[in-house]
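Results of the structural survey
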Amino acid sequence: MLFIRSLEVGGAEGQLVALAKALHAQGVPVRALAFYPGGALRPALEAAGVPVEDIGKRGRWDLPFFLWRLYRRLRVLRPDVLYAWLPTANTLAATVGRLAAVPRIVWGVRASSLDFSRYDWLHRVDFELSRFAAPLADRIICNSEAGRRFHAASGYPAHKMTVIENGIDTRRFRFDAAGRERVHREWGIGADEMVIGQVARLDPMKDHETFLHAAAMLARDRQNVKFVCVGAGEAGRSAALKRLAHGLGLDGKAIWAGERRDLAAVYSAFDIASSSSYGEGFSNAVAEAMACERPCVVTDVGDSARIVGDTGFVVPAKDAEALAQGWLRALDLTPASRQRLGVLARQRIEAEYSVTRMVERTREVLQC
């Protein structure tokens, strides 16, 4: 049983779907269980034949009855393995799952270098509870070396931890020439314009502020560059970022594309893919862009530098000038050189970060 808060769009959620579909195709009995009903990714699981249930959580403070319903479902379904994803689900798996006599509890942790000052107090409480409950897990799967180090330093039992990097579906994520043209028309990109884009939820950790400050610096020297932010977030944060972009003189230069489902076309529409985060584990967005043959400029956080290797450019986090310089280095390459980097980037993802490899290694941990 794969257990997660919701099946809305997100990096962890997408990996859960990929794993569930692959396990089901291999004949492994697998089921997904979420706190909340619905979710944009739920139909993909159902279409693949993976049973999906939810506990019907009605909100943040719906706790006692939610916990009781979770306990009852686990007692009825009796999974051999409960594989939880992210801190809240992890804590519940280790406590309610143990009370329900689930034989094997596996955790999934997927972040590193968390800055709790940028989030509300519940995020800190959530992490502290998971840290306290971590010894109850049988195994802990980290999706990055950086995440393993961070959680081990935070008090998680290091001897129970193993690293299994995310798997990228290279059949889905590949360069899409027709999609590139369609998206360019939609965004109003001219034939002589270049696009620097970032796919990330509007979350403080993704540091769109640095992205925008770097964009303002670059825009002063390069008039033919547009900057695209793809992703959704809380209305207040979205409005604040748009005010910042306006104040930096990026009107007509910054494009707010919102949440998208046609990500292969979106990545293909970029000339350079960027990640300005100050905290990451394994960046799906970077790896997906690489699978679409996009050269990447990324901050040196999490495993981003390890993922990119020698196929892109790595700069310090929270340094707008360094990010702008990284973009300039990529822009100043010849078109043929950028294309060669893109081809090498895809080859790297195919060799190191395939879904097949992720599924095989995960099965080994789940079945131990």
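Worth saying up front: this structure is predicted, and the values here are computed from it rather than measured.

A word on the overall build of the protein chain. Along its length, the protein chain carries 15 helices and 13 strands. Expected size for 368 residues packed as a compact globule is a radius of gyration near 21 Å; at 21 Å, the protein chain falls within 12% of this value. Reported as C-alpha extents along the three principal axes, the dimensions of the protein chain are approximately 65 × 40 × 35 Å. Going through the 368 residues of the protein chain one by one, you find that 55% of them count as buried. When contacts within the protein chain are restricted to residue pairs at least 6 apart in sequence, those whose partners lie at least 24 apart make up 69%. When the accessible surface of the protein chain is totalled, it reaches about 16,000 Å², and 53% of it is carbon and sulfur.

Here the second largest pocket is characterised by a volume of approximately 420 Å³. Every residue lining the second largest pocket is counted, 17 residues in all, and those nearest its centre are Met-1, Val-28, Pro-29, Val-30 and Val-81. The element that contributes the greatest number of residues to the lining of the second largest pocket is helix H15 (residues 355-367), accounting for three residues. In terms of residue class, the lining of the second largest pocket is built from 12 nonpolar, one polar and four charged.

This paragraph deals with a nonpolar patch on the surface. A surface patch of nonpolar side chains, about 620 Å² in accessible area, is lined by Trp-61, Leu-63, Leu-67, Trp-121, Val-125 and Leu-129. By secondary structure assignment, the location of Trp-61 is in the loop between strand E3 (52-54) and helix H3 (64-77). Under the relative-accessibility criterion, Trp-61 is labelled exposed at 59%.

Procedures and definitions
Residues numbered from 1 in each chain as written. Predicted model: local features only at pLDDT ≥ 70, side-chain atom pairs only at ≥ 80, totals over all residues. Heavy atoms only, no water. Helix = DSSP H or I, 4+ residues; strand = E, 2+ residues; numbered from the N terminus. Rg over C-alpha atoms; globule rule 2.2 N^0.38 Å. Buried < 20%, exposed > 50% of the residue type's maximum accessible area, 1.4 Å probe, protein only. Contact = heavy atoms within 4.5 Å. Areas by Shrake-Rupley, 256 points an atom, 1.4 Å probe, with all protein chains shown as cover. 1 Å grid on protein atoms, 1.4 Å probe; cavity = no way out; pocket = protein on both sides within 12 Å on 5 of 7 lines; lining within 4 Å. Points joined across faces, edges and corners; volume = space filled by probe spheres on them. Nonpolar A, V, L, I, M, F, W, Y, C, P; charged D, E, K, R; others polar. Patch = residues over 30% accessible without salt bridge, like charges linked within 9 Å, V, L, I, M, F, W, Y side chains within 5 Å. Salt bridge = Lys/Arg side-chain N within 4 Å of Asp/Glu carboxyl O.

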